[in-house]
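# Analysis of the macromolecular model
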Amino acid sequence: MRTFALAALLSVPVALVMQACSSDDESPPASPPQPDAGPDVASDAPALRTTGLAQTCQRGQRVTEVPATCNGSPALCSRTYDRVAVPMTHNAYSLVSGNFTPPNQTRGIAEQLDDGIRGMMLDTAYFDPLEKQDSAQRIGDLSLPDQTFLCHGPCALAQTRLLDELCTITKFLDGHPGEVFSIIFENRIADADTAAMLQASGLADYVYTHESTTAPWPTLGDMIARGKRAVIFLEQNGGTPAYLHPAWTNVWDTPYSFASTTDFSCRLNRGATTNPLFLVNHWLSPPKPENGEQVNVASVLGKRVEQCKNEAGRVPTFVGVDWYDKGDLFAVVQQANGL
């Protein structure tokens, strides 16, 4: 289990002062100088407010026996990451049960993972749960895990704790060594805080770092063999640490605001079509459960994925949807992968 270093998160410097000493040849040897540990962090640093909830991820036993399949199929093990289509949930945390208005999904992140979702879009923000206030920047006197949340719009309306959801993903990867997983963060928190939360949750154990936008992507089998099976993208900034990949230099996507199925297109929205990864955004706005029943069926989703595949000359990397549990998402992705 990875220990969450609260002092490191706060970036509180600790001075190490060595005692000066001298010796006299005619006197008995002086005792070896004892290092001064510096000011006591707990007493000298400002007291942090906290909700009393866990500050790190409590993990169980990891499964070490790697299966002969990659993301559920032996055929995908020899394919490179950029040439495998995966089902992705848009606003994966925005649930009916979480009082999000409007919600985007019915089932929680743990169920999504169990069902076969292998990519998620997550929106991060700062929020003070004790004062019930949103913040545009980090809150200095509140612990980091207690102020980083997943929210769509103002966190004061609805939110879920980032650490808790990241721990869910970590535990899934701990128990499923043959799976590769991706996150695209719409990030409103500092990159360093994103990295700290990945460390706190243990998900940093699995992060993959791509060398450059021009380097070839490894196969799923290679990523699984190396244990580097979590690929992280940030819509804003990124690059430090290197495993926080800037999204729009690696990915290009389609538009994401459609009022009806006749509006769907495969044209470029963000990034550049020369980027190695391709995201198809496939949902109607505003999100309603009946929209999923309408647009996630094979006759609509399958047709659009095939259209985008033909226009782009390559299979989409991510097929992003609302209401993933309605319609034929998994069958469409299987077909896109030729399985």
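Residues numbered from 1 in each chain as written. Predicted model: local features only at pLDDT ≥ 70, side-chain atom pairs only at ≥ 80, totals over all residues. Heavy atoms only, no water.

## Remarks on helix α9 (residues 298-312)
Operational definition: Think of it this way: any DSSP run of H or I at least four residues long counts as a helix, any run of E at least two long counts as a strand, and we number them from the N terminus. Multiplying 1.5 Å by the residue count of a helix minus one yields the expected span of that helix. We call a residue buried when its accessible area falls under 20% of the maximum for its residue type, exposed when it is over 50%, and partly exposed in between, using a 1.4 Å probe and counting protein chains only. Summarising the geometry, the arc corresponds to the directions from the helix axis toward the C-beta atoms. Throughout, a residue-residue contact means that at least one pair of heavy atoms, one from each residue, lies within 4.5 Å.
Taking 1.5 Å of rise per residue, the 15 residues of α9 would be expected to cover 21 Å, and the 20 Å separating its terminal C-alpha atoms lies within 8% of that figure. Among all positions in α9, only L301, G302, R304, V305 and C308 are buried. Viewed end-on, α9 has its buried residues packed into an arc of 160°, placing them on one side of the element. Among the exposed residues of α9, those pointing more than 90 degrees away from its buried face are S299, K303, N310 and E311. Buried-residue contacts for α9 involve β12 (277-282), α8 (289-295), β13 (318-321) and α10 (329-336). Once α9 finishes, G313 follows within two positions and takes phi at roughly 75°, a positive value.

## Here's the deal with the nonpolar core
We apply this condition: Take the buried Ala, Val, Leu, Ile, Met, Phe, Trp, Tyr and Cys residues and link them wherever side-chain atoms come within 4.5 Å; each set so joined is a nonpolar core.
Core analysis: the largest hydrophobic core is formed by 49 residues, its most contacted members being M120, L122, L166, I169 and I183. It is helix α4 (residues 162-175) that provides the largest number of residues to this core, a total of 7 residues. Excluding residues that lie within four positions of it along the chain, L166 makes contacts with I183, F185, M197, L198, S201 and L203. Core analysis: the next-biggest nonpolar cluster, separate from the first, contains 24 residues, Y81, V231, L279 and F318 among them.

## Describing the state of the cysteines
A covalent bond between the sulfur atoms of two cysteines is referred to as a disulfide. We count it as follows: Any two cysteine sulfur atoms lying within 2.5 Å of each other are counted as a disulfide.
Counting across every chain of the model gives 3 disulfides. With its sulfur 2.1 Å from that of its partner, C70 forms a disulfide with C77. Looking along the S-S bond of the C70-C77 disulfide, the torsion reads about 105°, which is the right-handed sense. C77 matches C70 in its accessibility class, with the two residues each being buried. The residue that forms a disulfide with C151 is C155, at a sulfur-sulfur distance of 1.9 Å. One disulfide, between C151 and C155, carries an S-S torsion of 100° and so falls in the right-handed class. As far as the burial class goes, C151 and C155 line up, both buried.

## Considering the confidence of the model for the chain
Operational definition: Predictor confidence is given residue by residue as pLDDT, running from a minimum of 0 to a maximum of 100.
Taken as a whole, the chain shows an average pLDDT of 89; of its residues, 87% reach a score of 70 or greater. The low-confidence segment residues 1-43, where pLDDT is below 50, has 41 contacts with residues more than four positions distant or belonging to other chains.

## Considering the packing of α9 against α10
Stated formally: Helix axes are fitted only over the stretch in contact, all axes being lines through C-alpha atoms; the angle between N-to-C directions runs from 0 to 180 degrees. An angle below 35 degrees is read as roughly parallel, one above 145 as roughly antiparallel, one from 65 to 115 as roughly perpendicular, and any other as oblique. We call a crossing left-handed when the near helix sits turned anticlockwise from the far one by less than a right angle, and right-handed when that turn is clockwise.
Following both chains from N to C, one finds α9 and α10 inclined at 30°, their axes separated by 9 Å at the closest point. Taken together, the axes of α9 and α10 lie roughly parallel to each other. As for how α9 packs across α10, the hand of that crossing is right-handed. Between α9 and α10, the contacting residues are A298, L301, G302, V305 and K309 on the first element and L329, V332 and A336 on the second.

## Re the layout of surface pockets
The test is simple: Of the grid points, spaced at 1 Å and generated over the protein atoms alone, those admitting a 1.4 Å probe that cannot get out make up cavities, while open sets with protein on both sides within 12 Å along at least five of seven lines make up pockets; any residue with an atom within 4 Å of a point is treated as lining. Grid points are joined across faces, edges and corners, and a volume is the space filled by probe spheres set on the points. Any residue that is not Ala, Val, Leu, Ile, Met, Phe, Trp, Tyr, Cys, Pro, Asp, Glu, Lys or Arg is counted as polar, Gly included; the first ten are nonpolar and the last four charged.
Size it by volume and the largest pocket reaches roughly 310 Å³. For the largest pocket, the lining is made up of 20 residues, of which H90, H152, E186, Y256 and W283 are closest to its centre. Those elements that provide at least two residues to the lining of the largest pocket are β4 (119-128), β8 (181-187) and β12. Class assignment of the residues belonging to the lining of the largest pocket gives a composition of 8 nonpolar, 6 polar and 6 charged. The space that makes up the second largest pocket amounts to roughly 220 Å³. What lines the second largest pocket is a set of 15 residues, among which N71, P87, G116, V333 and Q334 lie closest to the centre. Those elements that provide at least two residues to the lining of the second largest pocket are β3 (86-89) and α10. Here the element with the most residues in the lining of the second largest pocket is α10; it accounts for 3 residues. Residue composition of the lining of the second largest pocket, grouped by class: 7 nonpolar, 6 polar and 2 charged.

## Observations concerning the packing of α4 against helix α5 (residues 191-201)
Remark: α4 packs on α5, axes separated minimally by 9 Å, with the N-to-C direction vectors making an angle of 55°. Here α4 is positioned oblique relative to α5, judged by the angle of their axes. In the packing of α4 onto α5, the handedness of the crossing is right-handed. Every residue of α5 that contacts α4 at L162, L163, L166, C167 and T170 is listed here: M197, L198, A200 and S201. Grouping the constituent residues of the contact of α4 with α5 by class yields 7 nonpolar, 2 polar and no charged.

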